[in-house]
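# Breakdown of the fold
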Amino acid sequence: MPISPWITGALFLSAMAAASGRQPLPAGYRFPTDADRTQEWAASRKPTPTPFHARADFDGDGREDDAWILISTQGPGWGLFVYLNSSSDPLALALDRNRGDVRAQAMGVRVVPKGTYRTGCGKGDWRCDQDEPKVLRLKRPAIDYFKFEGTHSYIWWDARTRKLRQTRMSD
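The structure presented is a predicted model; accordingly, all values stated were derived computationally and were not measured. (Residues numbered from 1 in each chain as written. Predicted model: local features only at pLDDT ≥ 70, side-chain atom pairs only at ≥ 80, totals over all residues. Heavy atoms only, no water.)

### Comments concerning the overall build of the protein
Looking only at helices and strands, the protein has two helices and 12 strands in total. Evaluated residue by residue, the protein yields a buried proportion of 45% over its 171 residues. Approximately 9,300 Å² of the protein is accessible, and the part contributed by carbon and sulfur atoms is 50%. (Helix = DSSP H or I, 4+ residues; strand = E, 2+ residues; numbered from the N terminus. Buried < 20%, exposed > 50% of the residue type's maximum accessible area, 1.4 Å probe, protein only. Areas by Shrake-Rupley, 256 points an atom, 1.4 Å probe, with all protein chains shown as cover.)

### Quick look at the sheet that holds strand β11 (residues 152-158)
If you walk across this open sheet you meet the four strands as β7-β10-β11-β12, and the pairing is antiparallel. The sheet terminates laterally at β7 (107-112) and β12 (163-170), the two strands that pair on one side only. On average, each strand axis in the sheet is inclined to that of its neighbour by 25 degrees, with strand direction left out of account. With seven bridges joining them, β11 and β12 adopt antiparallel strand pairing. Bridge pairing links Ser153 to Arg168 in β12. (Pairing = 2+ DSSP bridges. Axes fitted to C-alpha atoms, helices over the stretch in contact; angles between N-to-C directions.)

### Observations regarding the side chain of Arg37
Within the secondary structure, Arg37 sits in the loop between β2 (29-30) and α2 (39-43). Polar contacts involving the side chain of Arg37 include one to the main-chain carbonyl oxygen of Pro49, which spans 2.7 Å. Once residues lying within four places of it in the same chain are set aside, the contact partners of Arg37 are Ala42, Arg45, Pro49, Thr50, Pro51 and Phe52. (Polar contact = N/O pair within 3.5 Å; in protein donor to acceptor, adjacent residues only side chain to side chain. Contact = heavy atoms within 4.5 Å.)

### Things to note about unusual backbone geometry
Although it is not a glycine, Glu149 adopts a positive phi angle of roughly 50 degrees. Checked against the element boundaries, Glu149 lands in the loop between β10 (142-147) and β11. Phi at Arg162 is positive, roughly 60 degrees, even though this residue is not glycine. Relative to the helices and strands, Arg162 resides in the loop between β11 and β12.

### Quick word on the packing of aromatic side chains
Applying the stated criterion to the full structure yields six aromatic pairs. Each ring, one from Phe146 and one from Phe148, has its centre 5.1 Å from the other, and the planes form 80 degrees; the classification is edge-to-face. You'll find Phe146 and Phe148 in the same group, each marked buried. What links up through ring pairs into an aromatic cluster is the set Phe31, Trp41, Phe52 and Trp68. Above the face of the Phe146 ring, Arg110 is positioned so that its terminal group lies 4.1 Å from the ring centre. (Phe/Tyr/Trp six-rings, centres within 6.5 Å; stacked < 30°, edge-to-face > 60°. Lys NZ or Arg CZ within 6 Å of the ring centre and 35° of its normal.)

So this is what it looks like as structure tokens:
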């Protein structure tokens with residue numbers, strides 16, 4: 001399914017911020033700190049050293065992109081943001097936002113290598129929707145967006161539509 005229904009906003013970031021080498025933060029969010037490394041983030045430190053950050057060339061433009069779980073500065077909550085670091089201004093896409101009903105530390109991201117993967121419906125876990133593939137053939141790295149000991153989906157670049165898409169891998 002296309003990720004576009006998830007997108008709650010897109011921020012065009014200034015060339016000045018891109019030139020600084022640091023990704024500017026969306027308003028109302030901050031990067032995780034050591035103080036945020038609690039619960040699942042602390043327990044997973046060895047197998048997943050940065051469960052809130054994944055970096056790879058997701059869109060195939062030759063530049064590394066970044067996926068971040070960012071913490072809200074305006075009360076409980078967090079968001080999943082992907083920075084597509086193109087040669088022009090980076091583009092930050094808000095792919096998921098949570099107002100605090102799920103802790104940020106219950107969620108994680110990591111890089112999925114290119115390859116062929118059976119999806120949840122392809123494994124028979126549920127009936128495939130009309131546009132849901134049984135097999136996902138990734139031509140470049142993707143983002144595994146997961147809940148610790150729970151569901152996960154892959155967020156991947158669809159070169160045909162030039163958009164990020166999300167495919168459920170488990171319930």
